[in-house]
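Structure at a glance
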Amino acid sequence: MPRTLPPVQAIRAEIDALFASDRDLVEVIEEVARLGARLIIQTAVEAEVDAFLGRARYQRAALSESSGEESTVRPGYRNGHCPTTVKTTSGPITIARPKLRGTTEKFASRLFGAGVTRTHALETLVIASFVRGLSVRDVEGALADALGPEAALSKSTVSTICQAIVGEYDAWCRRDLSTVELDYLFCDASHFKMHDGQRAEPILAAWGITTAGKPVFVGLAAAAAESTDAWHDFLTDLVARGLRPPLLIVSDGAPGLISAAEQVFPPSLRQRCLVHRARNVLAKVSAGDQAEVKAAYWQIFDFTELGEDVKVGQPLVDLVQRRIDAFAEAWGGRYPAAVKCLLSDRQSLTTYLRFPLEHHKRVRHSNFIERTFGETRRRVKVIGRFPGETSCVSLVWAVLDRAARGWRGFSLTSTGLRILQDLRRALLHPPAQLHPADDPADDPALAPVTEAA
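The structure contained in this document is the topic of the report that follows. (Residues numbered from 1 in each chain as written. Predicted model: local features only at pLDDT ≥ 70, side-chain atom pairs only at ≥ 80, totals over all residues. Heavy atoms only, no water.)

**What about helix α7 (residues 228-240)?**
- Between the first and last C-alpha of α7 there are 18 Å, a value that for 13 residues agrees with the 18 Å anticipated at 1.5 Å per step.
- Contacts made by the buried residues of α7 are with β3 (182-192), β4 (201-210), β5 (215-222) and α8 (255-264).
- Following α7 by one or two positions, G242 adopts a phi angle in the positive range, close to 110°. (Helix = DSSP H or I, 4+ residues; strand = E, 2+ residues; numbered from the N terminus. Expected span 1.5 Å × (residues − 1). Contact = heavy atoms within 4.5 Å.)

Here it is, written out as C-alpha cells:
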C-alpha cells in the first residue's frame, strides 16, 4: 500500500497538478493563492515540530544526537495529523495539524495559539508563501501580520524555511543553458515597487520554445530601467551561460530591448508583438470608433478566407503589407496618429509569417508571459511595496516557475519542421560561399577537406 505523502509535499503536488491542468490561468492563480497560504503555514508548523522534537521527520533520535547539532532531543514521536481550519478573508483553509505521542511535555504550536482563528492580511501571507529569498525578519513579519502576534516563530525555524527555498532560486539563476536550443525567444518586462521612495522598476523576463517544441523558462532579473544597457546585460548573461541565438525574438516595442536583442543576437529575426501594437494604435482612436478600428486591425492578420491556400513565406508577407496599406488609406484621414503608429516598424509585424502556420497565433505576440505578470501585480497591490529587490524578483520567479510547468509546447508537423530547418540553415548556419573572403586563401569554403579522425 503506497505511503501517504507528507502534508507539505501533498500541497506542492496540488499546486503542480493545477498548473498541469487545462483550467484558465486566472482561475489557477486564484486557487494557487489559497494553496500558497496553506503551504507556508503547513511548512512552518512542521518546522516547529522538528524544533520541538530535535529531529526531522523520519530521523531517529539516536542519529540526531550523534550528528553534533545544537538541538535538544526530546522523547516522543509523530502520530499523524488532524485537520484544523483557519478562517481567512477569502474563506477557510484547512491545515494538517501534527499530533505527537510519548512526549514528556505538551507540544503547543505558536501558529495555533489561543484566539488564532482568522487571518488579518491573507494577501500578505500569500505573497510570503511564494517569495523566495525573504529575510528572517520579513517572514516573521508576514506571519505575524497574517496570524497575529501569537504566530511569532523562532529565528532558527524561520531561517530553516528561508534557506531551503533560497537555495532553489540561486541554483536556477546559475544553471547551465548550453543544452537549451531555442526556435523562439519571448522577452518582456513588468514593473514593481521594490525600493523605498522609488517608482516602480522593471523585472526583465525571457522564456522560449525549444527546437523540440517544449516550453522553457529561461531568465529573470531586476533592472533600474528598460534601457539598452539593462537588456544587453540580461541577454549577455544568458549567452554567457550557454544560450545560443534563437530563430525568432518576440517582444514589444521597447527601444532598449529591440536594440539589445539586435546586438546580442544579430542572426535572429524579430517579431513585434501584435497585441502591444494594437493597444498603441487604439490609444490614438476615439472611444466611439475603437471597436471598428480594432476589428479592422485584426482583419489585417486574418487568413480565414484563404482556406487551405495559406502558404507561409514572402507572398504572405506581401499580402499583409498590402492590407496594412489599405488600412492606412481607410483610416489615415480620420486618425493620422494611429496610422503613423501602425506604419512605424511595420516590417517587424509580419516576420512571423515566415514560420510554420500552426505556430502563428502564439509567436505573433508576447502576451502570454505578460498575463502571468498581470496576475502577480494584482496580488502584490495589497502590500504596495516589496521589502526589497531580492523579495520582488523571487516572488515573480516563483509564480512564473510554477506557471511554466503548465505552459503548452508547440506541435511540430513535417512541413513545419522543414520550414524551421530551412530557417536555421539560412540564419544560423549560412553556407560559407554567402560570405566570400577578400583573400581566396582565407576562404574556408576553399580550404582543403580533411576527414574526421
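**So, the pattern of salt bridges**
- With the rule as written, the count across this model stands at nine salt bridges.
- A salt bridge links D345 to R272; the nearest nitrogen and oxygen atoms lie 3.1 Å apart. One end of the pair, D345, is in the loop between α12 (336-343) and α13 (360-363); the other, R272, is in strand β7 (residues 269-272), and 73 residues separate them in sequence.
- Residue class for R272 comes out buried when judged on its relative accessible area of 12%.
- One salt-bridge network, held together by shared partners, links E262, R270, R272 and D345. (Salt bridge = Lys/Arg side-chain N within 4 Å of Asp/Glu carboxyl O. Buried < 20%, exposed > 50% of the residue type's maximum accessible area, 1.4 Å probe, protein only.)

**Considerations on the nonpolar core**
- Residues Y184, I203, F217, L220, F327 and L342 are the most contacted members of the largest nonpolar core, which totals 53 residues.
- At seven residues, the largest contribution of residues to this core is made by helix α11 (residues 314-331).
- Apart from the residues within four sequence positions on either side, L220 is in contact with W172, I203, L204, A205, F234, V393, V396, W397 and L400.
- One finds L204, A223, A261 and F265 within the second-largest nonpolar core, a separate group that totals 24 residues. (Core = buried A, V, L, I, M, F, W, Y, C linked by side-chain atoms within 4.5 Å.)

**Some details on the packing of α11 against α12**
- α12 packs onto α11 with a crossing angle of 165° between their chain directions and a minimal axis gap of 9 Å. Here α11 lies roughly antiparallel to α12, going by the angle between them. In this structure, α11 crosses over α12, and the sense of that crossing is left-handed. Of α12, the residues touching α11 (which contributes I324, F327, A328 and W331) are P336, V339, L342 and L343.
- A class-by-class count of the residues in the contact of α11 with α12 yields eight nonpolar, no polar and no charged. (Axes fitted to C-alpha atoms, helices over the stretch in contact; angles between N-to-C directions. Parallel < 35°, antiparallel > 145°, perpendicular 65-115°, else oblique. Left-handed = near helix turned anticlockwise from the far one by under 90°. Nonpolar A, V, L, I, M, F, W, Y, C, P; charged D, E, K, R; others polar.)

**Side note on the pairing of β4**
- A large share of β4 lies buried, amounting to 10 of its 10 residues.
- Across 10 bridges, β3 lies against β4 in antiparallel orientation. Residue H191 lies in a different strand from β4, and its bridge partner there is P202.
- Relative to β5, β4 runs antiparallel, the two sharing seven bridges. Residue pairing for β5: L204 is matched across the bridge by A221.
- Between β4 and β5, which pair antiparallel and follow one another directly, the connecting turn spans four residues, one of which, G213, has a positive phi of 85°. (Pairing = 2+ DSSP bridges.)

**Examining the packing of helix α9 (residues 274-282) against helix α10 (residues 290-299)**
- Running from N to C, α9 and α10 point in directions that differ by 145°, and their axes come no closer than 10 Å. As for the relative orientation of α9 and α10, their crossing is right-handed in sense. Where α9 approaches α10, its residues L274, V275, R277, A278, V281 and L282 are matched on the opposing element by Q290, V293, K294, Y297 and W298.
- For the contact of α9 with α10, the residue count by class is eight nonpolar, one polar and two charged.

**Here we look at unusual backbone geometry**
- A positive phi is found at D345, a non-glycine position, where the angle reads about 60°.
- For D345, a relative accessible area of 27% puts it in the partly exposed group.

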